[in-house]
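# Inside the fold
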Amino acid sequence: MESKDITRRVLLERSAKLPFAGFLMLAAGSSQVKAADDGVCVDFENLDAGQRSIRQSLEYVNVAPDESMNCEKCGFFTPTEGGCGSCLIFSGVADGRGWCVSWSPKS
Ligand code: SF4
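The following paragraphs examine the structure supplied in this document. (Residues numbered from 1 in each chain as written. Predicted model: local features only at pLDDT ≥ 70, side-chain atom pairs only at ≥ 80, totals over all residues. Heavy atoms only, no water.)

### Quick notes on the sheet that holds strand 2 (residues 84–87)
The criterion, for reference: For two strands to be treated as a pair, DSSP must find no fewer than two bridges joining them. Elements are defined by DSSP. Helices are runs of H or I of four residues or more, strands are runs of E of two residues or more, and each kind is numbered from the N terminus. Interaxial angles span 0 to 180 degrees and are taken between N-to-C directions of axes, which are lines fitted to C-alpha atoms, for helices over the stretch in contact.
The three strands are arranged 1-2-3 in an open sheet whose pairing can be described as antiparallel. Edge strands, defined here as strands with exactly one partner in the open sheet, are strand 1 (77–79) and strand 3 (92–95). Across the sheet, the axes of successive neighbouring strands diverge by a mean angle of 40°, strand direction being ignored. In this structure, strand 1 lies alongside strand 2, joined through three bridges in antiparallel fashion. Across the sheet, Thr-78 pairs through a bridge with Ser-86, a residue of strand 2.

### A closer look at the pairing of strand 2
What sits between strand 1 and strand 2 in their antiparallel hairpin is a turn of four residues, with Gly-82 showing a positive phi close to 60°. Examined bridge by bridge, strand 2 and strand 3 share four bridges and lie antiparallel to one another. Across the sheet, Ser-86 pairs through a bridge with Val-93, a residue of strand 3. Adjacent in sequence and paired antiparallel, strand 2 and strand 3 are bridged by four residues, among which Ser-91 carries a positive phi angle near 55°.

### Observations regarding the packing of aromatic side chains
The condition is simple: Working definition: a ring pair exists when centres of Phe, Tyr or Trp rings (six-membered ring for Trp) sit within 6.5 Å. Plane angles under 30 degrees give stacked, over 60 give edge-to-face, the rest tilted. Each residue gets one of three labels from its accessible area relative to the maximum for its type: buried under 20%, exposed over 50%, partly exposed in between, using a 1.4 Å probe on protein chains only.
Applying the stated rule across the entire model yields two aromatic pairs. When the centroid spacing of 6.2 Å and the interplanar angle of 40° are considered together, the rings of Phe-44 and Tyr-60 count as tilted. With Phe-44 in the loop between helix 2 (20–32) and helix 3 (49–57) and Tyr-60 in the loop between helix 3 and strand 1, this pair connects stretches of sequence that are 16 residues apart. The class of Tyr-60 is buried, set by a relative accessible area of 6%. Residues Tyr-60 and Phe-90 carry aromatic rings whose centres are separated by 5.6 Å and whose planes lie at 85° to one another, so their mutual orientation is edge-to-face. Here Tyr-60 is found in the loop between helix 3 and strand 1, whereas its partner Phe-90 is found in the loop between strand 2 and strand 3, with 30 residues between them in sequence.

Written as structure tokens, this is what we have:
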């Protein structure tokens, strides 16, 4: 099976598990895609319950335990500014240095 097929399959599986509210956060998430003054892209304290919940369920962390598998190297990540970006799985902000269990290499 090609990695592109795996990526598509993983995305579909993850999307099916997302609560409807997660999709509604697409627009709202874009306003959060900006580095905070302290350089932290994802401030858990300022996320709404849906955005916080999806990150927790996928074990998201702002700093990957293995730098070679961080968000910047993930196929679901789109960089924006200040080392931050948007995660397709979360439909919201992720830190380029971050990681979650849905990590998939860029093709
Ligand atoms: S590692 Fe997880 S949080 Fe980071 S971009 Fe990929 S899917 Fe999103």
